[in-house]
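Report on the structure
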Amino acid sequence: MNSETQVFDLYVRGTVPAAMSGSLIIAASRRHKDRQRFLRWHDSQADLIKLDVRPGKPGRIKATILSVDPWKFCNTQPRATPFYPSQPNHGVNIDGHTVWATNLLFGAPLEVDLPSWKPRRALRMVPVTRDAPQLSSTSHFAFDLDHRFAYFHESALRQGERTVHMQDLVIIRLDAKTGSERVWGLVPPVDDARSEVHNFHSAFYFEENGKRFLGLLRTGAVVESLAQHQIPSEHAVVPMQPSTIWIVELDDSQSTLTASLLPGIRELDGLALSHLDIDASSRNGFTLYANYKQADVGEETHGVNVYGEPPEHVAEHYAGMTVEALNYGIVLRYERINGVHSIRTFSRPYNPKRTSLGHSWLPINIELDSSKQWLFCSFAGFHPRLLPTHVAKVYTERVADLRHIRHVPPLLMRFRAVDLTPDYDDQRTYLSYTEPIAFAIAGTCPEDFLWTFSPENGLKLYRSHDFSQVVCHAVSPYLMNWRDSHFRPDPAHMVFVQS
Amino acid sequence: MALRRPSVEGPEFARIVRESNETIRKLEENRFDFDTVPELFAKDAAADVFAKEIVHVFDGKSMTRHGRLVMGGVGTHFNLMGPIPPNAKLQITPTTILEDVSRALKSKGLRDLPEYRKLGAVEEIAFYNYEIFYTLRDLAFWLVLHDAGSFPSSLEVMVRHIAAGNIVQSNQYSPRKASKDKRKPALMAAGCLSVSFPTSVVEWMDKPIYGGLARDTIHVETLLTTKKTDVSHPYLPLVGEGKIKLKDGSYFYRRFNGITPKDGLRGPDIRAENAEDRY
């Protein structure tokens, strides 16, 4: 597969406000329409979508889709192996004119030049070997308070007897001003030493008492097989352990940094701590907002579901999709000031009789508005027929009551950042069900906007304080498909860049 | 949805209108939560779209969809609802375009698909009592008035469409012989439904929501365009493409057949959302 670019206009209904001049960046993947094929979501091809937004009534929105060649920046590995250098179909990190797009778990970040929308390089800082032929890296980078430095981790992946192990952990700092890099070795905390769980979905930066720190959300996905299954049948699942957060003091005088655990996180007993936003502007501590998916994110859909239905009887089943949650998730607020921390959480099942309360099934995105007073979260909901029985059966203590649980619709909800309470009102302006999970906050206080996007539903714009009325809606069938063979499932993330 | 109160005569109707208004007032005061108006829950889901044969005509400025829908239902009266753009033109009008396309492509339409042939006999019916809803209140009022009820998750789909500036259209339909058995619902086919709206791009339809009878939808969809296109269906495989000559001119065609899942599916033997469950 070679890199290719597709350009087209969306059909816009409504108005694109003047403040929305800019670009929206989305990392998308593809799924084959043929349900008989097994294609693991980590490994599905990446399409990087850039939506250039020009204000007006109706305005203009132009899409440029870059199809990524996962082998483009590698001359040392044969293309025949399943271990590509970069397959960035998940995360988007942006600084100035540079985009770093990432996978959920596998491969190195791909650096893309934003104005030309062309890939520059894959950031492979850890060498791969025959024994450890694949890399893992942070999906969502940390940025320092001046947005000069970006931080992420990388490690090599080695197939062990029962699981994949992470080795050669490093922290990488990219300097946006000079283009240079700094690499530190990373030593795990002594009380979180199991190398099969050392993967980190997101990172954050903060300062405290004049020192600089990096926080790493240790997601803890356990992957049994480095290569995708040859036969997608039920298999033994090694259960995940509760997530933790590693804290690392950044010290330029050292070549190796040692992590410690952020207190109070492991005790929450949540699985798959993954996405975050942070307010560290005080330069003395931080307020972290993050979510636990309560899903075994190292697995994927295949095999018989929890109702005993084989995949061929389940039309919504595509083998290798992202896994469903075991139960409703948790949104976390962690405040640390002068070394003292306080924790608040939001977690709620779906009650169809009281939809105005919202729910927390499979939290995906989490983002503060420009004032840091409001927190926006998207939740993917639940598709009970897509939960494989071989995954659920190792989590009998955690899994929802399958005799009563039904489909739970996706949800977008606004919270008060100070205490994580939903921002209730009588007009239900604070929540919207059946929304796409990818969203981006744009604009500046007092008029923030919120974009939502999925290939099928298109691009929608709301005022962030009112989800009861769309400001503009733009669609195109070319967002939905790659040629006739693949469709693009809902991407998880989107980032807005003001022009 | 199945309508448990399709029509009521005279003074009784005035009373039901008043009571339905009161129910909706309570619903609005309670942020559209069903807990204070449990009577709004649909009592038993018993209607679904089983199959669709659709011709989409796109000329670069507008889309026109001509559809033959095959519905299944348990009960005597039903309604079919769906969102459309507010500047759409909805018509129930005789057309032979579905047959003309199939004839030109040497196809039997839905009968090409074994899943459809397995359904058995289908009765031809006609839609009637066409309605348009501009607000969630209007829609909910109508559902209460006709004792159709709704499910909170389904209603949220309409909330999203109304927020995006769409309107909701509804058509009623009835079989000559009603079914009382979920395993053998009455199958009804209605052609002649067409909707046309301005757009510069091809726009596909949303997936139907699960109505308790058919988890999947059987499709035969043909896209006709005045210029050659490579637009694909989001889920269905391409089964043919080329040029086609119809009564009103020549078109490029792309044809997509197959099965898609409904939205809102649940496990086997799991009840629909209902007033009795405790949370």
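The rules we used
- Residues numbered from 1 in each chain as written.
- Chains lettered and ligands numbered in written order.
- Predicted model: local features only at pLDDT ≥ 70, side-chain atom pairs only at ≥ 80, totals over all residues.
- Heavy atoms only, no water.
- Buried < 20%, exposed > 50% of the residue type's maximum accessible area, 1.4 Å probe, protein only.
- Helix = DSSP H or I, 4+ residues; strand = E, 2+ residues; numbered from the N terminus.
- Pairing = 2+ DSSP bridges.
- Phe/Tyr/Trp six-rings, centres within 6.5 Å; stacked < 30°, edge-to-face > 60°.
- 1 Å grid on protein atoms, 1.4 Å probe; cavity = no way out; pocket = protein on both sides within 12 Å on 5 of 7 lines; lining within 4 Å.
- Points joined across faces, edges and corners; volume = space filled by probe spheres on them.
- Nonpolar A, V, L, I, M, F, W, Y, C, P; charged D, E, K, R; others polar.
- Core = buried A, V, L, I, M, F, W, Y, C linked by side-chain atoms within 4.5 Å.
- Contact = heavy atoms within 4.5 Å.
- Salt bridge = Lys/Arg side-chain N within 4 Å of Asp/Glu carboxyl O.
- Expected span 1.5 Å × (residues − 1).
- Buried area = accessible area lost by both parts, 1.4 Å probe.
- Polar contact = N/O pair within 3.5 Å; in protein donor to acceptor, adjacent residues only side chain to side chain.
- Axes fitted to C-alpha atoms, helices over the stretch in contact; angles between N-to-C directions.
- Parallel < 35°, antiparallel > 145°, perpendicular 65-115°, else oblique.
- Left-handed = near helix turned anticlockwise from the far one by under 90°.

Turning next to the pairing of strand β7 (residues 91–95) of chain A. Residues and elements named next belong to chain A. In terms of burial, β7 is largely enclosed, as 5 of its 5 residues are buried. Side-chain alternation along β7 places Gly91, Asn93 and Asp95 on one buried face and Val92 and Ile94 on a second face that is also buried. Direction of pairing for β7 relative to strand β8 (residues 98–102): antiparallel, over a ladder of 5 bridges. Pairing of asparagine 93 across the sheet is with tryptophan 100, part of β8. The loop that links β7 with its antiparallel partner β8 comprises 2 residues; one of these, glycine 96, has a positive phi angle of about 60°.

Residue and element names in this part refer to chain A. As enumerated under the stated definition, the model contains 25 aromatic pairs over all chains in all. Relative to phenylalanine 286, the ring of phenylalanine 204 lies with its centre 5.3 Å away and its plane at 55°, an arrangement referred to as tilted. On the criterion of sequence distance, the pair formed by phenylalanine 204 in strand β16 (residues 200–208) and phenylalanine 286 in strand β21 (residues 286–292) is long-range, its members being 82 residues apart. An aromatic cluster of at least three residues, connected via ring pairs, comprises Phe204, Phe206, Phe213, Phe286 and Tyr334.

Before going further, it helps to spend a moment on the layout of surface pockets. Residues and elements named next belong to chain A. In this structure, the second largest pocket encloses a volume near 1,200 Å³. Along the walls of the second largest pocket sit 40 residues, with Phe143, His147, Asp277, Glu367 and Val495 positioned nearest its centre. Breaking the lining of the second largest pocket down by element, the ones donating at least two residues are β7, β12 (142–143), β16, β20 (273–279), β24 (363–368), β29 (438–444) and β35 (495–498). Here the residues of the lining of the second largest pocket are counted per class, giving 22 nonpolar, 11 polar and 7 charged.

Let us look at the nonpolar core. All names here are of chain A. Among the nonpolar cores identified, the biggest contains 48 residues, and Val331, Trp361, Leu375 and Met413 are the most heavily contacted of them. Contributions of two or more residues to this core are made by β24, β25 (374–379), α1 (389–392), β26 (411–416) and β28 (431–433). Among all residues touching valine 331, those that are not within four sequence positions of it are Ala290, Asn291, Arg344, Thr345, Phe346, Ile366, Leu375, Cys377, Phe379 and Leu420. Judged by nonpolar contacts, the second largest core, of 28 residues, contains Phe8, Ile49, Phe453 and Val471.

Moving on to the pattern of salt bridges. Where side chains of opposite charge bring their charged atoms close, a pairing between them can arise. Tallied over the full model, the rule gives 52 salt bridges over all chains. Between Asp401(A) and Arg403(A) there is a salt bridge, with its nearest N and O atoms 3.0 Å apart. Residue Arg183(B) pairs with Asp181(B) through a salt bridge whose shortest N-O separation is 3.3 Å. Classification of Arg183(B) as exposed rests on a relative accessible area of 73%. Accessibility expressed as a relative area gives 26% for Asp181(B), which makes it partly exposed. Several salt bridges converge on common partners, so that one network encompasses Glu111(A), Asp113(A), Arg120(A), Arg121(A) and Glu181(A).

We now examine empty space enclosed by the protein. This model, assessed by the stated rule, comprises 3 cavities of 30 Å³ or more. Empty space within the largest cavity amounts to approximately 100 Å³. Lining the largest cavity are 13 residues, and of these Met205(B), Asp206(B), Lys207(B), His219(B) and His233(B) sit closest to its centre. Here the residues of the lining of the largest cavity are counted per class, giving 5 nonpolar, 3 polar and 5 charged. Here the second largest cavity is characterised by a volume of approximately 50 Å³. Taken together, Arg40(A), His42(A), Val223(A), Glu224(A), Ser225(A), His229(A), His235(A), Gly298(A), Glu299(A) and Glu300(A) make up the lining of the second largest cavity. The residue inventory of the lining of the second largest cavity, partitioned by class, reads 1 nonpolar, 5 polar and 4 charged.

Right, let's talk about helix α5 (residues 152–163) of chain B for a bit. When the terminal C-alpha atoms of α5(B) are compared, their 16 Å separation across 12 residues agrees well with the 16 Å that a helix rising 1.5 Å per residue should span. By the criterion of burial, α5(B) is predominantly enclosed, with 10 of the 12 residues buried. Summarising the contacts, the buried residues of α5(B) are in contact with β28, β31 (458–463) and β32 (466–475) of chain A together with β3 (78–84), α4 (136–145) and β7 (167–173) of chain B. Just downstream of α5(B) lies Gly165(B), where phi reads positive at about 90°.

Glancing now at the interface of chain B and chain A. Listed per partner, the contact involves 55 residues of chain B and 51 residues of chain A. On the chain B side of the interface with chain A, the three residues burying the most area are Arg31(B), Arg160(B) and Tyr235(B), jointly 18% of the side's total. Our count for the chain B to chain A interface comes out at 8 salt bridges. In this structure, the salt-bridge partner of Asp277(B) is Arg406(A), at a minimum N-O distance of 2.4 Å.

Before going further, it helps to spend a moment on the pairing of β29(A). Residues and elements named next belong to chain A. Among the 7 residues in β29, 6 count as buried, and that is most of the element. As judged from the 7 bridges shared by β29 and strand β30 (residues 447–454), these two strands associate in the antiparallel manner. Each residue of the ladder has a partner; that of glycine 443, found in β30, is aspartate 448. Counted along the chain from β29 to the antiparallel partner β30, the turn is 2 residues long.

On to the environment of His198(A). All names here are of chain A. Relative to the helices and strands, histidine 198 is located in the loop between β15 (181–187) and β16. Judged by its relative accessible area of 2%, histidine 198 is buried. Once the C-alpha coordinates of histidine 198 and arginine 218 are considered, the two residues, 20 residues apart in sequence, prove to be 6.3 Å apart. If we skip the residues at most four places from it in the chain, histidine 198 touches His153, Met166, Leu169, Pro188, Asp192, Ala193, Arg218 and Trp246. Of the polar contacts made by the side chain of histidine 198, one reaches the backbone oxygen of aspartate 192; its length is 2.8 Å.

Take the packing of helix α1 (residues 10–29) of chain B against α4(B) next. Residue and element names in this part refer to chain B. With their axes 9 Å apart at the nearest point, α1 and α4 run at an angle of 130° to one another. Considered as vectors, α1 and α4 are oriented oblique to each other. The interaxial crossing formed by α1 with α4 has right-handed handedness. Counted together, Phe13, Ile16, Val17, Ser20, Asn21, Thr23, Ile24, Leu27 and Glu28 of α1 and Arg137, Ala140, Phe141, Val144 and Leu145 of α4 form the full contact between these two elements. Here the contact of α1 with α4 is built from residues that sort into 9 nonpolar, 3 polar and 2 charged.

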